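Listed below, chain by chain, are the residues.
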Amino acid sequence: MTTATVAVERTYEQKLDLLGEVAVQVGLGLKAGQELVMTASLDTVPLARRITEHAYRAGASLVTTLYTDDEATLARYHFAPSESFDYAAGWLYDGMGAAFKSGAARLAVAGANPSLLSNEDPDKVGRANRAVSKAYRPALELITRHAINWTIVAAATPAWAAAMFPNDSPDVAIGKLWEAIFDTTRINVDDPVSVWKKHDAELHKRAARLNEKRYSALRYRGPGTDFQLGLADDHLWLGGGTTAGNGNYCIPNMPTEEVFTTPHKDRADGTVTATKPLSHQGTMIEGIQVRFEAGRIVEAHASRGEEVLQKLIDTDDGARRLGEVALVPHSSPIAHSGMLFYHTLFDENAASHIALGQSYSSCLRDGDKLTPEQLAARGANDSLIHVDWMIGSGKLDIDGVTATGTVEPLMRQGEWV
Ligand code: ZN
Ligand code: ZN
């Protein structure tokens, strides 16, 4: 056996442990004495336990993990009374908010079955999502404002692996998914911590270059896409890690390949076609095509899951408007893998994307000091939802438009110019 092309040989157990360590130290930036609130599904227990150990080793005062169970979620859809779907555990989200306010960090282990709710009543799915969005909003706001350090990291689960590798046996599929996670999360390298620091610095450099340009709009052209979106006044491009309001440096998504900012909620015009299916809260939406007028979706279609899409954009007025625009080169390691993950954490880092709904105030100059009215005046969108969907591909061209109307090529065939 030759190992010439393999940088590092580690066992699965070693890689899992390393992922836990990198998640705590690089992603979360957990400080000694800090409390940690983690969410995870029962299928992700092995990684959640590694993270817990590394959090305590880093000096965590207390790690509290809230586990979810897919079977129990389905039992609700099958047996709960109809009123159940307008209700969410507000007391739980209030408790999370209280923990964040008193200094806790937040870590989410992702790994959900991408089509868990695909066969459930879209009306129930929509109502349940809305109830959770409402109840979670005050706590989530502390996250979107980067008041606290937080991160999301993924663990392979049997259902997710089966969705990605339907022709493989369960053992082979989950092994492939773990390798894909270790690869794209930069664990399969000699020194993941230093590789992550270098990658983080590169994303910051890319964002700084875009901030110098002060583009007022971006123009997109590709198959099924002919679209222009305005950027919010005093927008800031961000990428990689940030220092949270509590002073702790974190990299909120692992992996992350995007630089992103806040579009202007009233300035989007034209037609956009998604380049990847969207897995949203356990349902698949495919073949999305929408038309914007003055920032608002006036027409929306999907070849699969259109009803879920319509319910999603009917959540509130802001759900029809854009809250994020992100640029990702087509050569990113995730795109390069050629895999479709059916998971936003990965797929959004494989392609340029836009998000419907809530904007990040951290993507505006002094955004954390502005009132909701001031944020709106700059073009920041407000909604209960924030849903990313992928519009980038190797066939997409993007131009930057300056305030004086000069058009500069920014990306050609999906790559930075
Ligand atoms: Zn994004
Ligand atoms: Zn997003």
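In this report, we go over the structure that sits alongside the text. The structure presented is a predicted model; accordingly, all values stated were derived computationally and were not measured. (Residues numbered from 1 in each chain as written. Chains lettered and ligands numbered in written order. Predicted model: local features only at pLDDT ≥ 70, side-chain atom pairs only at ≥ 80, totals over all residues. Heavy atoms only, no water.)

1. Things to note about the nonpolar core
Generally speaking, soluble globular proteins have nonpolar side chains that are buried together. Convention followed: Residues grouped as a nonpolar core are buried Ala, Val, Leu, Ile, Met, Phe, Trp, Tyr and Cys residues, joined through side-chain atoms within 4.5 Å. Three labels apply to residues, based on accessible area from a 1.4 Å probe with only protein chains included: buried if under 20% of the type maximum, exposed if over 50%, partly exposed otherwise in between. Where each domain begins and ends is defined by an automated method or by a domain database. The contact criterion used throughout is that any non-hydrogen atoms of two residues lie within 4.5 Å.
Core analysis: the biggest nonpolar cluster contains 46 residues, and L36, L47, I51, L107, L177, W178 and I181 have the highest contact counts within it. Counting the residues that make up this core, at least three belong to each of domain 1 (3–184) and domain 2 (214–248 + 257–416). Once you skip the residues sitting within four places of it in the chain, I51 turns out to touch G20, A23, V24, L36, M38, L107, V109 and V153. Judged by nonpolar contacts, the second largest core, of 40 residues, contains V272, L309, I391 and L396.

2. Topic: the packing of aromatic side chains
This is how the line gets drawn: Only centres within 6.5 Å qualify two rings of Phe, Tyr or Trp (six-membered ring in Trp) as a pair; their planes then separate them into stacked at under 30 degrees, edge-to-face at over 60, and tilted for everything else. Strands are runs of DSSP state E lasting at least 2 residues, helices are runs of H or I lasting at least 4, and numbering of each runs from the N terminus. Charge-over-ring placement is defined geometrically: NZ (Lys) or CZ (Arg) within 6 Å of the ring centre, and within 35 degrees of the ring normal.
Evaluation of the coordinates by the stated rule reveals nine aromatic pairs. Arranged with centres 5.1 Å apart and planes meeting at 45 degrees, the rings of Y93 and Y136 form a pair that is tilted. With Y93 in helix α4 (residues 90–101) and Y136 in helix α5 (residues 122–144), this residue pair connects regions lying 43 residues apart in the sequence. Taking relative accessible area as the criterion, Y93 reaches 17% and is therefore assigned buried. Residues F227 and F292 carry aromatic rings whose centres are separated by 5.4 Å and whose planes lie at 35 degrees to one another, so their mutual orientation is tilted. Pair noted here: F227 is in strand β6 (residues 225–231) and F292 is in strand β15 (residues 289–293), with a separation of 65 residues, a long-range link. Its relative accessible area of 1% is what places F227 among the buried residues. Under the relative-accessibility criterion, F292 is labelled buried at 2%. The aromatic ring of W416 is capped on one face by R206, whose charged end is 4.1 Å from the ring centroid.

3. Quick word on the environment of S118
Mapped onto the elements of the fold, S118 is located in the loop between β3 (105–110) and α5. Residue S118 is classed as partly exposed on the basis of its relative accessible area, which comes to 28%. For the pair formed by S118 and G392, sequence separation is 274 residues and the distance between their alpha carbons is 25 Å. The residues contacting S118, other than those within four sequence positions of it, are G282, T283, M284 and R304.

4. Some points on the state of the cysteines
What counts, and what does not: A pair of sulfur atoms, both from cysteines and within 2.5 Å, is called a disulfide here.
Applying the stated criterion across every chain, the model contains zero disulfides. For C250, which is in no disulfide, the shortest distance to another cysteine sulfur is to C363 and amounts to 13 Å. The class for C363 is buried, based on a relative accessible area of 1%.

5. Considering the pattern of salt bridges
Pairs can form between side chains of opposite charge whenever their charged atoms are close. Put simply, the rule reads: By definition, a salt bridge exists where a carboxyl oxygen of Asp or Glu is found within 4 Å of a side-chain nitrogen of Lys or Arg.
A full pass over the atoms with the stated rule returns 24 salt bridges. D17 is paired through a salt bridge with R50; the nearest N and O atoms lie 2.8 Å apart. Of the two residues, D17 is situated in helix α1 (residues 12–28) and R50 in helix α2 (residues 45–57); the sequence distance between them amounts to 33 residues. Linking E257 and R186 is a salt bridge whose minimum nitrogen-to-oxygen distance equals 2.7 Å. One end of the pair, E257, is in the loop between β10 (253–254) and β11 (259–261); the other, R186, is in the loop between α7 (170–184) and α8 (192–213), and 71 residues separate them in sequence. What makes R186 buried here is its relative accessible area of 13%. Among the charged side chains, a network of salt bridges with common partners joins K265, D266, R296, D317 and R321.

6. Observations concerning the coordination of the zinc ion (ligand 1)
For the record, the criterion: The rule for donors is simple: an N, O or S atom within 2.8 Å of the metal counts, and for Na, K and Ca the reach is 3.2 Å. Water is not among the atoms, so a site may look short of donors. Between 85 and 135 degrees for all angles marks four donors as tetrahedral; over 155 degrees for opposite donors together with 65 to 115 for all other angles marks four donors as square planar and six as octahedral; every other arrangement is irregular.
For the zinc ion (ligand 1), every protein donor is listed as E258 (OE), E324 (OE), E348 (OE) and H353 (NE2), and the spread of their distances is 2.0 to 2.4 Å. One can describe the donor arrangement at the zinc ion (ligand 1) as irregular, given that its four donor atoms subtend angles of 76 to 151 degrees at the metal. Counting gaps between the donor residues of the zinc ion (ligand 1) yields the pattern E-x65-E-x23-E-x4-H. Taken as an interatomic distance, the gap from the zinc ion (ligand 1) to the zinc ion (ligand 2) is 3.5 Å; E324 donates to each of them. Residue E258 is found in the loop between β10 and β11, and its partner E348 is found in the loop between α11 (344–347) and β18 (353–357); the two are separated by 90 residues along the sequence. One exposure class covers both E258 and E348, and it is buried.

7. Observations concerning empty space enclosed by the protein
What counts here: Lining residues are defined by having an atom within 4 Å of a point belonging to a cavity or pocket. Those points lie on a 1 Å grid over the protein atoms alone, cavities being sets where a 1.4 Å probe fits but cannot get out and pockets being open sets with protein on both sides within 12 Å along at least five of seven lines. Grid points are joined across faces, edges and corners, and a volume is the space filled by probe spheres set on the points. Residues are grouped as follows: Ala, Val, Leu, Ile, Met, Phe, Trp, Tyr, Cys and Pro are nonpolar; Asp, Glu, Lys and Arg are charged; every other residue, Gly included, is polar.
With the rule as written, the count across this model stands at two cavities of 30 Å³ or more. Taken as a whole, the largest cavity holds about 50 Å³ of empty space. Here the residues of the lining of the largest cavity are counted per class, giving seven nonpolar, five polar and no charged. The volume enclosed by the second largest cavity comes to roughly 30 Å³. Lining of the second largest cavity is provided by G222, P223, T225, T273, T275, I391, S393 and L396. Each residue belonging to the lining of the second largest cavity can be placed in one class, and the counts come to three nonpolar, five polar and no charged.

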